[in-house]
Amino acid sequence: MVKAVVLGAAGGIGQPLSLLLKLNEVVTELALYDIVNSPGVAADLSHINTPAKVTGYLPPPKDGSKNAPNDGLKNALTNAHLVVIPAGVPRKPGMTRDDLFKINAGIVRDLATGIAQYSPDAYVLVISNPVNSTVPIIAEVLKKHGVFNPKRVFGVTTLDIVRASTFTSSVSGADPRKVRVPVVGGHSGVTIIPLLSQISPPHSYTQDEIELLTQRIQFGGDEVVKAKDGAGSATLSMAQAGARFASSILNATVKGESGIIEPSYVCLDADSVGGKQVKNAVNELDYFSSNIELGKNGVEKIHPLGNISEYEKNLLEAAIPELKANISKGISFVADGSKL
Ligand SMILES: NC(=O)c1ccc[n+]([C@@H]2O[C@H](COP(=O)([O-])OP(=O)(O)OC[C@H]3O[C@@H](n4cnc5c(N)ncnc54)[C@H](O)[C@@H]3O)[C@@H](O)[C@H]2O)c1
Ligand SMILES: O=C(O)C[C@H](O)C(=O)O
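Reading the values: the criteria
Residues numbered from 1 in each chain as written. Chains lettered and ligands numbered in written order. Predicted model: local features only at pLDDT ≥ 70, side-chain atom pairs only at ≥ 80, totals over all residues. Heavy atoms only, no water. UniProt positions renumbered as here; feature names shortened; annotations may be inferred. Salt bridge = Lys/Arg side-chain N within 4 Å of Asp/Glu carboxyl O. Helix = DSSP H or I, 4+ residues; strand = E, 2+ residues; numbered from the N terminus. Buried < 20%, exposed > 50% of the residue type's maximum accessible area, 1.4 Å probe, protein only. Polar contact = N/O pair within 3.5 Å; in protein donor to acceptor, adjacent residues only side chain to side chain. Contact = heavy atoms within 4.5 Å. Pairing = 2+ DSSP bridges. Near = heavy atom within 4 Å. Areas by Shrake-Rupley, 256 points an atom, 1.4 Å probe, with all protein chains shown as cover. Nonpolar A, V, L, I, M, F, W, Y, C, P; charged D, E, K, R; others polar. Domains from an automatic or database assignment. Expected span 1.5 Å × (residues − 1).

- Within an unreviewed UniProt entry, the label attached to the protein chain reads malate dehydrogenase, and the organism entered is Rhizophagus irregularis.
- Recorded under Catalytic activity (unreviewed entry), the UniProt text for the protein chain is reproduced unchanged: "(S)-malate + NAD(+) = oxaloacetate + NADH + H(+)".
- Of the comments in the UniProt record for the protein chain, the one headed Subunit (unreviewed entry) reads "Homodimer."

1. Section: the pattern of salt bridges
Line of reasoning, step 1. Per the stated rule, a full pass over the model turns up 14 salt bridges.
Line of reasoning, step 2. In this structure, the salt-bridge partner of Asp110 is Arg109, at a minimum N-O distance of 3.1 Å.
Line of reasoning, step 3. Connected via shared salt-bridge partners are Asp175, Arg177 and Lys178.

2. A word on unusual backbone geometry
Leaving glycine aside, a negative phi is the common case for residues, and trans is the common case for peptide bonds.
Line of reasoning, step 1. A cis geometry characterises the amide bond from Asn129 onward to Pro130, with omega recorded as -5°.
Line of reasoning, step 2. With respect to the helices, strands and loops of the structure, Pro130 is situated in the loop between β5 (123–126) and α5 (131–144).
Line of reasoning, step 3. The omega angle of the peptide bond from Ser200 to Pro201 is -5°, so this bond is cis rather than trans.
Line of reasoning, step 4. Tracing the backbone through its elements, the reader meets Pro201 in the loop between β8 (192–194) and α7 (207–218).
Line of reasoning, step 5. If you check the backbone angles, Asn283 has positive phi at about 60° while not being a glycine.
Line of reasoning, step 6. Note that Asn283 resides in the loop between α10 (275–281) and β10 (287–295).
Line of reasoning, step 7. Here Glu284, not a glycine, exhibits a phi torsion of approximately 65°, which is positive.
Line of reasoning, step 8. Structurally, Glu284 is set in the loop between α10 and β10.
Line of reasoning, step 9. Residue Glu284 is classed as partly exposed on the basis of its relative accessible area of 40%.

3. Brief notes about the side chain of Ser289
Line of reasoning, step 1. Along the polypeptide, Ser289 turns up in strand β10.
Line of reasoning, step 2. Since its relative accessible area comes to 0%, Ser289 is described here as buried.
Line of reasoning, step 3. There is a polar contact of 3.3 Å between the side chain of Ser289 and the backbone oxygen of Ser264.
Line of reasoning, step 4. Non-local contacts of Ser289, meaning those with residues more than four positions away in its chain, are made with Thr157, Val183, Val184, Gly185, Pro263, Ser264 and Tyr265.

4. Things to note about the pairing of β10
Line of reasoning, step 1. Counting buried residues in β10 gives seven out of nine residues, a clear majority hidden from the surface.
Line of reasoning, step 2. With eight bridges joining them, strand β9 (residues 260–267) and β10 adopt antiparallel strand pairing. For Ile261, the partnering residue across the bridge sits in β10 and is Glu293.
Line of reasoning, step 3. Here β10 pairs with strand β11 (residues 298–302) via four bridges, running antiparallel. Looking at β11, one finds that Ile292 is bridged to Ile302.
Line of reasoning, step 4. Linking β10 to β11, which pair antiparallel, is a turn of two residues.

5. Considerations on the site of ligand 1
Line of reasoning, step 1. Neighbouring ligand 1 are 28 residues; Gly12, Ile13, Asp34, Val89 and Asn129 lie closest to it.
Line of reasoning, step 2. Within the contact set of ligand 1, an oxygen atom lies 2.9 Å away from a backbone nitrogen or oxygen of Val89.
Line of reasoning, step 3. Asn129 is positioned with one of its side-chain polar atoms (N or O) 2.9 Å from an oxygen atom of ligand 1.
Line of reasoning, step 4. Computed on the free molecule, ligand 1 has an accessible area of 870 Å², of which 86% lies beneath the protein chains in the complex.
Line of reasoning, step 5. The element that contributes the greatest number of residues to the shell around ligand 1 is helix α4 (residues 101–118), accounting for three residues.
Line of reasoning, step 6. Looking at side-chain class alone, the shell around ligand 1 contains 17 nonpolar, 10 polar and one charged residues.
Line of reasoning, step 7. Counting contributing residues, the shell around ligand 1 receives three or more from each of domain 1 (3–156) and domain 2 (158–328).

6. Overview of α4
Line of reasoning, step 1. A rise of 1.5 Å per residue sets the reference length of α4, with its 18 residues, at 26 Å; its end C-alpha atoms lie 25 Å apart and thus fit the reference within 8%.
Line of reasoning, step 2. Along α4, the residues that are buried comprise Phe101, Asn104, Ala105, Gly106, Val108, Arg109, Leu111, Ala112, Thr113, Gly114, Ile115 and Ala116.

7. Some thoughts on the site of ligand 2
Line of reasoning, step 1. Around ligand 2 sit Arg91, Arg97, Asn129, Leu159, Arg163, His187, Gly221, Ser233 and Ala234, and that is every residue in its neighbourhood.
Line of reasoning, step 2. Within the side chain of Arg163, one N or O atom sits 2.7 Å away from an oxygen atom of ligand 2.
Line of reasoning, step 3. At 2.6 Å from an oxygen atom of ligand 2 is found a side-chain nitrogen or oxygen belonging to His187.
Line of reasoning, step 4. Relative to its unbound accessible area of 260 Å², ligand 2 is 95% covered by the protein chains.

Listed below in C-alpha cells is the structure:
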C-alpha cells in the first residue's frame, strides 16, 4: 500500500495537485484533508479510473453539532507514506512571503504535530509559504516529538526549477523539457539562486541575459501574484511542480529508482549524506536548497554547489542573511510556542 496525503487539499494548489496524484499509478490510496470541502473534492476525484482509492477528511465540527468523523487529521495521516502540505494563505500584491508567516506558521505547526503523532515515518513535502521558515517549523515540531529524520523532510522549491527551465529556454530557443538549471538557496526573492553557469545542456548567456534571467527566476512568483490581482498566487504551475517532486520521491522510495536528482530545501544536519560540506559552504546555515540525490530512504546525498561563477557567489552572499533570519524565525516560533 502506498498512501499519499494532501493537507490543504481543497485549495488552489491542493485540488489540481490531488488530481495529479490521483493520476500517479504508484499511489494506491489518496487521503485529502482540509478544513473545508475535502469530502467533495475526494468524491469528485474518486470517479477517475486509476488505482488510488480516494478519501476526504475534515476536522471535527467546532460546535460538535454534526456527526462528522472525530479526528479527520488522524484518519488522513495514519499509514501515510507521503504527506504533501499546501495548506495556508497565499500572497496578495504588495506582500512578501514572510508576511504570510503570521497565519501560516501556526497552521503548519499544528499539521506537523499531527504528522509527529500519526505518520512519523512519512516523507513530508512542504509547499506552504514562507518555505524558508515553514520547513524549520516542521523539523522543530518533529524534533520535539523525537521523530525528526532530516532525510525525510523537504521544502518544495521545484517551481523555481520549472520556471528556470521555461525562462532560460525562451531566450536560448532550447526545448524547455530538456533544460535543467540547478536553483539553490531558498524560496523567496534574493534567496532563490539560479546557477545558470551549470545549465544543462550547456549554454552561454551574455551577462545582461544572465542578470535579466536571474531577476525573472527570483521574482517569478510576483509575476503571477500581480497578474492574479488579489486572487492568490501560482496554483496550477505549483501543482505540476509539486506532483513532479512527489513523483520523484515515490520513484526513489517505492520503486527503488536510483540517480534521481532534484533540488530541494532540506536540513543540513544529515552529515552522513553530505550535509556538513554544504553547510560549510553556506556560512553554517542549518537549511539550504541544493541538488539532492534521492534514494530508497529519502535524501541519499546532498550534492555540493560545485563550481559557481563570481556573479553566483555574490548572489549567495546576498541570500545568506535573509535565509539565516528566516530560519531563526521558524525555529524560535516553535521554541517559544506552547501548543505542541
Ligand atoms: N512552495 C512554492 O513554490 C509555492 C508556490 C505557490 C504557493 N505556495 C504557497 O502554498 C500555500 C497555499 O496556496 P493556495 O494558492 O493553494 O492557497 P488557497 O487559499 O487556495 O488554499 C489553501 C488551502 O489550505 C486550507 N487550510 C487552511 N488552514 C488549514 C489547516 N489548518 N489544515 C488544512 N487545510 C487548511 C484552506 O482551507 C485552503 O483550502 C500558500 O502559503 C502559498 O504561498 C507555495
Ligand atoms: O509567489 C508566491 O507567493 C507563491 C510561490 O511561492 C511562487 O513562487 O509562486
